[in-house]
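Observations on chain architecture
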Amino acid sequence: MTALPLRSGVARCEFGDPMFCEDATMPIGKIAFCAAAMIVAATTFADARPDTRTMTCAQTQALIQSRHAAVLTTGANTYERYVRQFGNECDAPYVPMVDYVPASDGRCMVYRCEEPAPMVPD
């Protein structure tokens, strides 16, 4: 069995079975590098969501206003999507309703999309 070299420098076995072709394996260093890169990317994306507990109320409200809607962390394992009061960020039948989130300077009033309670006749 002879290995036939490819342009990329990786050899291909004559019978197509990579188990018998020594040059077709990926070095462990490349595997470790790829795994480390995926871990770093995953942890970076997890930290990308702003945390209301580390911002003042004014900063939280300004962030929502500037983005029109934002997904914010509100606790150790909690997050929610918050929106502007006047805008079209909520899909029908949902409307912006008042909610409170923790902020570094106390409770902060924000809006999130909720379905309004049905009107009960008198």
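Structure: see above.
Residues numbered from 1 in each chain as written. Predicted model: local features only at pLDDT ≥ 70, side-chain atom pairs only at ≥ 80, totals over all residues. Heavy atoms only, no water.

Focus on the pattern of salt bridges
Basically, it comes down to this: Each salt bridge in this description consists of a side-chain nitrogen of Lys or Arg and a carboxyl oxygen of Asp or Glu lying within 4 Å of one another. Each helix is a run of DSSP H or I of at least 4 residues and each strand a run of E of at least 2, with the numbering of both proceeding from the N terminus. Relative accessibility under 20% of the residue-type maximum defines a buried residue, over 50% an exposed one, and the middle range a partly exposed one, all with a 1.4 Å probe and only protein chains included.
Overall, the coordinates contain five salt bridges when judged by the stated rule. The salt bridge partner of R112 is D99, with a shortest N-O separation of 3.0 Å. Note that R112 is positioned in strand β6 (residues 106-114) and D99 in strand β5 (residues 95-103), a separation of 13 residues in sequence. According to the relative accessible area criterion, R112 is partly exposed, its value standing at 24%. For D99, a relative accessible area of 18% gives the class buried. One network of salt bridges, in which partners are shared, links E80, D99, R112 and E114.

Comments concerning the side chain of R84
Quick reminder of the rule: Counting of polar contacts relies on pairs of N or O atoms within 3.5 Å, with two restrictions inside protein: one atom must be capable of donating a hydrogen and the other of accepting it, and residues adjacent in sequence are counted only when both atoms are side-chain atoms.
Residue placement: R84 occurs in the loop between β4 (79-83) and β5. With relative accessibility at 18%, the residue R84 sits in the buried group. Within the local environment of R84, its side chain forms a polar contact with the side chain of E89, the two groups lying 3.0 Å apart.

Considering the state of the cysteines
We count it as follows: Any pair of cysteine sulfurs within 2.5 Å is marked as a disulfide.
Counted according to the given criterion, the structure contains two disulfides. Disulfide pairing is shown between C57 and C108; the S-S distance is 2.2 Å. One disulfide, between C57 and C108, carries an S-S torsion of 70° and so falls in the right-handed class. Here C57 is found in helix α2 (residues 57-67), whereas its partner C108 is found in strand β6, with 51 residues between them in sequence. Just as C57 is buried, C108 falls in that class too. Counting its disulfide-bonded cysteines in sequence order, the protein chain shows a connectivity of 1-3, 2-4.

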